[in-house]
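For reference, the chains in residue letters:
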Amino acid sequence: MVKRSVKSRKRATRKSSASKAKAGRKPTAKKRTTAKKRTTAKRHATPKAKASRKTTTKKRTTAKRHATPKAKATRKTTARKRTTARKHVTPKAKASRKTTAKKRTTAKRHATPKAKVTRKPTTPKQVTVEKQVTPKAETTRKPMKKVAQRRSPVTRKGEFDFNAWLLPRLELEQYEPHIELEAGIKDQIKGSTRYAWIGTGQCGGRIVKSFYDLGYKKVLAVNTTHHDLDLLDIPQNQKFLMDVGEKGAGKDMERGKNAVQQFQQEILHLTRQAFGAEVDHIMVCVGAGGGTGGGSATGLIENSKKYARYIGLPEPDKKVGVIMTLPTIGEASSPKVAENAWRVATELSEMAAAGQISPLIFIDNDKINKMYPGMTVRSFWPSINSTVAGLFDIFNRLSALSSRYTSFDPVDYHSIMEAGGCTIMGLTKVLKFQNKFAISQAVKKNLEKTLLAGGFDLSTAKLAGCVVVAGKKLIESIKGLQDNIDYAFDNLTEITGEATIHRGIYEDGRESVRVYTIIGGLDTCTTRLEDLKSRMTVEVG
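So, here's what we can say about the structure. Computed from a predicted structure; not experimentally measured. All residue numbers refer to positions counted from 1 along the written sequence of the respective chain. Totals for whole chains, interfaces and linings use all residues, but because this is a predicted model, local features are given only for residues with pLDDT of at least 70 and pairs of side-chain atoms are given and counted only at 80 or more. The side-chain figures draw on all heavy atoms in the structure; neither hydrogens nor water molecules are used.

Some thoughts on the overall build of the protein chain
Secondary structure elements are defined from DSSP: runs of H or I of at least 4 residues count as helices, runs of E of at least 2 residues count as strands, and each element is numbered from the N terminus. In terms of regular secondary structure, the protein chain is built from 23 helices and ten strands. With 541 residues in all, the protein chain has 42% of them scored as buried. Here the protein chain has roughly 32100 Å² of accessible surface; of this, 54% comes from carbon and sulfur atoms. Remark: exposure states derive from per-residue accessible area (1.4 Å probe, protein chains only) relative to the maximum for the residue type, with buried under 20%, exposed over 50%, and partly exposed in between. Computed with the Shrake-Rupley method and a 1.4 Å probe, the accessible areas treat only the protein chains shown as cover for residues.

Digging into the packing of aromatic side chains
Each Phe, Tyr or Trp ring (for Trp, its six-membered ring) is paired with any other whose centre lies within 6.5 Å, and the angle between the two planes then decides the class: stacked below 30 degrees, edge-to-face above 60, tilted in between. Under the counting rule described, the total for this entry stands at 14 aromatic pairs. Measuring from ring centre to ring centre gives 5.5 Å for Phe 437 and Tyr 487, while their planes differ by 85°; the resulting arrangement is edge-to-face. With Phe 437 in the loop between β7 (422–430) and α20 (438–449) and Tyr 487 in helix α22 (residues 481–495), this residue pair connects regions lying 50 residues apart in the sequence. Geometrically, a lysine NZ or arginine CZ counts as sitting over a ring once it is within 6 Å of the ring centre and also within 35 degrees of the ring normal. A cation over a ring is seen here: Lys 217 above Tyr 212, with NZ or CZ 3.9 Å from the ring centre.

Brief notes about the pattern of salt bridges
Note on definitions: salt bridges are taken to be side-chain nitrogens of Lys or Arg within 4 Å of carboxyl oxygens of Asp or Glu. In this structure the tally under the stated criterion is 15 salt bridges. For the salt bridge of Arg 397 with Asp 393, the shortest nitrogen-to-oxygen distance reads 2.4 Å. Here the residue Arg 397 and the residue Asp 393 both occupy positions in helix α18 (residues 377–398), the gap between them amounting to four residues, near one helical turn. Take Arg 397: its relative accessible area is 28%, and that puts it in the partly exposed class. The class of Asp 393 is buried, set by a relative accessible area of 5%. When salt bridges that share partners are traced, they join Asp 364, Arg 528, Asp 531 and Arg 535 into one network.

Some points on the nonpolar core
The criterion is simple. A nonpolar core is a set of buried Ala, Val, Leu, Ile, Met, Phe, Trp, Tyr and Cys residues joined through side-chain atoms within 4.5 Å. Ranked by size, the top nonpolar core spans 78 residues in total, and within it Met 324, Leu 348, Phe 362 and Ile 519 carry the most contacts. At eight residues, the largest contribution of residues to this core is made by helix α16 (residues 335–353). Membership of the second largest hydrophobic core comes to 39 residues, among which are Ile 207, Val 208, Tyr 413 and Ala 419.

What to know about the side chain of Thr 517
If you trace the backbone, Thr 517 turns up in strand β10 (residues 513–522). Among the residues examined, Thr 517 registers a relative accessible area of 0% and is labelled buried.

A closer look at the pairing of β10
Counting buried positions along β10 yields ten of ten residues, so the element is predominantly enclosed. Relative to β10, β7 runs antiparallel, the two being bridged by eight bridges. Bridged to Met 425 within β10 is Ile 518. For two strands to be treated as a pair, DSSP must find at least two bridges joining them. Across eight bridges, the pairing between strand β8 (residues 463–471) and β10 is antiparallel. When the bridges of β10 are listed, Val 467 appears paired with Tyr 516.

Section: the environment of Tyr 516
The residue Tyr 516 is located in strand β10 in this model. Once the C-alpha coordinates of Tyr 516 and Cys 466 are considered, the two residues, 50 residues apart in sequence, prove to be 5.7 Å apart. The criterion used for residue contact is that any of the two residues' heavy atoms lie within 4.5 Å. Excluding its chain neighbours within four sequence positions, the residues that come into contact with Tyr 516 are Ile 394, Phe 395, Leu 398, Gly 426, Leu 427, Asn 446, Gly 465, Cys 466, Val 467 and Val 469. Polar side-chain contacts of Tyr 516 include one of 3.2 Å to the side chain of Arg 514. Polar contacts, as counted here, are pairs of nitrogen or oxygen atoms within 3.5 Å of one another; within protein the pair requires one atom able to donate a hydrogen and one able to accept it, and residues that are adjacent in sequence qualify only if both atoms are side-chain atoms.

Okay, structure coming up:
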């Protein structure tokens, strides 16, 4: 019985071992799929998806008994994977078998298309997949995003991203242009307009000298002879000799014209040095009867317009004006002088009427000679020129002053000086200012008493300005003075037709009332020009 029991036990052991062997083969096949699942789960499973050591050891023994040579290879790779997994597992990542199985099945569901490719038999390629999951592989993903941003310069909102298109830097960016405009000679006046003066010939040089004495330091005198230039008390670098090989033009206007054309660039260069860029208006001063002044007038006008464009003045035609003197009857008795004066005055009058210069101011020497008889030869021309310059300067100074009553502002003044045509100015002192008609009569006398040429048709005026300057005590004490001033303004409106009248009322410390009048946009003085034409030997059609 004992022997049978031993034999039966052996048989039972064999049967159980055989059954166990059969049962062991199936888990081996399942283990292969499990290894595949583990490789997939390692990519997507959370740290909690970790099995215990006991379960792992049992499966190892089973794999040793029944695993094929391929299974041995999987065992080695599995062991390596497990060791790598242990390094990254936190203490909390322990779970039971049941939870592990569930998480493995979920890993199958959420596997990416790349994970399906790794289901092939375990090969060394699976190890390379683990290397891609390392932190180095994660760092290489960031530059890929930047490259994608550069390729698409349009943002999600549809806005263009300029940073996506980076332009190279050029060396030229380091060199910034530094442009300095020449200031020129500084003036010593307090006016609303910065004038520059060019005088040509003997008469033109004397006129700019008078403005220089008033504080207008931006002056330039040109001539064909050094004798006239030497007598001018202005800096030597503001004089220019147009040396044409002759001692003066000798009443020949062609010489004066050719001289300006020959030295055009030199005059323009000297103009830039003396005047600079701080200029608002340019005035050319000429004597109509001489050869240098009359012949060079148009050439200097065009040169002044070039300079105005160079410094950036808008509308150069309105920024260049002319002051021209007409000869006396005694001087005009010379047919050549009369012809020169008539030709120049006619040409400039046409330019003023066309708006090519503004303003054109005539100074009638014959009228001045009659108004101031008995003056000495030495004091005659300096007195006359200083009076003309002072009358011109007074409106520039008044327009820069403010008034508590009525201001004649710079805009009013500029509109008259840029109106084109001819311009006249006048000054009258009112004695019986308490009389209602006294100021209005003074305005009429202004236009008759002016040193400028007469014979203008005042109804052709476009703009006018009338400024009354009275003592402070008179303005405060005299009743009805405002009514008398308004009546004078209205009277000027009737005289000038439809012209726009700019008014101004100022006070000073003197006990007197003075009226200043300026009228612009007038037609030329036809009567005076006809008189010059009649004195010519040869009629010009």
